[in-house]
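Listed below, chain by chain, are the residues.
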Amino acid sequence: QSRCESPGLSSSPCLLLSPPSTALCFLSSTHFVFSMEEQNHSSGKELQHRTRTESPGKKTWHSQAYALGAVSNFMSTFLTFPIYKVVFRQQIHAVAVSEAVRQLWHEGPQYFYRGIYPPLLSKTLQGTLLFGTYDSLLCSLSPVGPHSLGHRWAAGLMSGVVEAVALSPFERVQNVLQDGRKQARFPSTFSILKEFNSYGLWGRLSLGYYRGFWPVLLRNSLGSALYFSFKDPIQDGLAEQGLPHWVPALVSGSVNGTITCLVLYPLIVLVANMQSHIGWQSMPSLWASAQDVWDTRGRKVFLIYRGGSLVILRSSVTWGLTTAIHDFLQRKSRSRKELKD
């Protein structure tokens, strides 16, 4: 029974049966044995260019993708949380990067991780859904492989849809909390939830938890599709240069995170503006919100990106670390599985 390998691996009929110095390749009904001499950093490339077969009824590899996505996002969020705090101070107090850093410096390093639990929870859930759903969908679209660009794009798009549906309410509440103009009226998460729950059933969805859902859906689905479509080709191309196996993953994640955030940043601005509105009286439509953002930015594209440099940098660092950690955990898990087999 053929097994669908996790994303990042292209199709090959090779099954690794011993240490990296020897591999047995089975081609159709013929049985040829090829001896391969180990080269520096070659183990990373071998893991990216082979698939395996499994006996019927055995649990497939992609079932572990949910756990790997959760752990990698958890670790990258923890490591980059100080950058998140700088961005948060900018959003709340409308100060420059230098002033936000100065505030954190005077508070002391013991407060760097104050308030980490909500984003740690949401980002861990995001990684679980994003990587796990993508891997499951990719295996459904292409059970044997190789995974084409169309398969990766479709699986990434759908995983972004699932992520948007599940996490949009969290982002909605967070954006209201971060709006300094509403601190007096809504001092806590409970006060926001109380306001949303005072609406009718449809109001709770359209005006409450899922306010601004359509741009969120567009941003998340396109962002996920772009990330997963080009992550593997970039990583495979760099792996062929003989680099240490963690370098291609780190660079691939950073490049994808930067490009994706740069392309979709106008949607990020639109989402923040739409989700900051609350109440029945001040809910402009999607088109009206987009027009308002365009007008307030002087109808100039470069003004849309004002204040986005740190957000794009954060995306680059976060996705670089997430991809590298995920790739490392994937290799370790696969190595342990091969030793058992």
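Residues numbered from 1 in each chain as written. Predicted model: local features only at pLDDT ≥ 70, side-chain atom pairs only at ≥ 80, totals over all residues. Heavy atoms only, no water.

Concerning the overall build of the protein chain
So, step 1. A tally of regular secondary structure across the protein chain gives 12 helices and 3 strands.
So, step 2. Within the protein chain, the fraction of its 341 residues that count as buried is 47%.
So, step 3. For the protein chain, the accessible surface area stands at approximately 17,700 Å², while carbon and sulfur atoms represent 65% of it. (Helix = DSSP H or I, 4+ residues; strand = E, 2+ residues; numbered from the N terminus. Buried < 20%, exposed > 50% of the residue type's maximum accessible area, 1.4 Å probe, protein only. Areas by Shrake-Rupley, 256 points an atom, 1.4 Å probe, with all protein chains shown as cover.)

Some words on the packing of aromatic side chains
So, step 1. According to the stated counting rule, one finds 10 aromatic pairs in the structure shown.
So, step 2. Ring centres 5.7 Å apart and planes at 85 degrees place the aromatic pair Phe 131 and Phe 228 in the edge-to-face group. Here Phe 131, found in helix H4 (residues 117-141), pairs with Phe 228, found in helix H8 (residues 213-239); they are 97 residues apart in sequence, far enough to count as distant. For the pair shown, Phe 131 and Phe 228 are each scored as buried.
So, step 3. An aromatic cluster is present here, built from Phe 131, Tyr 134, Tyr 227, Phe 228 and Trp 319 joined pairwise through their rings. (Phe/Tyr/Trp six-rings, centres within 6.5 Å; stacked < 30°, edge-to-face > 60°.)

Quick word on the nonpolar core
So, step 1. Grouped together as the largest cluster of nonpolar side chains are 16 residues, with contacts concentrated most on Val 86, Leu 270, Val 293 and Val 311.
So, step 2. In this structure, Phe 186, Phe 196, Tyr 199 and Met 283 belong to the second largest nonpolar core, which totals 10 residues. (Core = buried A, V, L, I, M, F, W, Y, C linked by side-chain atoms within 4.5 Å.)

Describing the pattern of salt bridges
So, step 1. Per the stated rule, a full pass over the model turns up 6 salt bridges.
So, step 2. When the shortest N-O distance is used, the salt bridge between Arg 102 and Glu 99 registers 2.6 Å. Of the two residues, Arg 102 and Glu 99 both sit in helix H3 (residues 97-107), 3 residues apart, roughly one turn of that helix.
So, step 3. Taking relative accessible area as the criterion, Arg 102 reaches 42% and is therefore assigned partly exposed.
So, step 4. Classification of Glu 99 as partly exposed rests on a relative accessible area of 25%. (Salt bridge = Lys/Arg side-chain N within 4 Å of Asp/Glu carboxyl O.)

Notes on unusual backbone geometry
Both trends apply: most residues other than glycine have a negative phi, and most peptide bonds are in trans.
So, step 1. Although it is not a glycine, Arg 299 adopts a positive phi angle of roughly 55 degrees.
So, step 2. Relative to the helices and strands, Arg 299 is located in the loop between helix H10 (286-296) and helix H11 (301-304).

Side note on H3
So, step 1. Listed as buried for H3 are Ala 100, Gln 103 and Leu 104. Seen end-on, H3 carries its buried residues on one side only, within an arc spanning 95 degrees. In H3, those exposed residues whose orientation departs by more than 90 degrees from the buried face are Ser 98, Trp 105 and His 106. (Arc of directions from axis to C-beta.)

A look at the confidence of the model for the protein chain
So, step 1. When pLDDT is averaged along the protein chain, the result is 77; 77% of the residues meet or exceed 70.
So, step 2. Low pLDDT, under 50, characterises residues 1-61; the stretch is placed with 116 contacts to residues that sit more than four places away or in other chains. (pLDDT = per-residue confidence, 0-100. Contact = heavy atoms within 4.5 Å.)

A look at the environment of Arg 204
So, step 1. Within the secondary structure layout, Arg 204 lies in helix H7 (residues 201-209).
So, step 2. Taking relative accessible area as the criterion, Arg 204 reaches 33% and is therefore assigned partly exposed.
So, step 3. Each C-alpha atom of the pair Arg 204 and Leu 193 lies 9.7 Å from the other, and the pair is 11 residues apart in sequence.
So, step 4. Sequence-distant contacts of Arg 204, that is, excluding residues within four places in its chain, are made with Phe 196, Asn 197, Tyr 199, Tyr 209 and Tyr 210.

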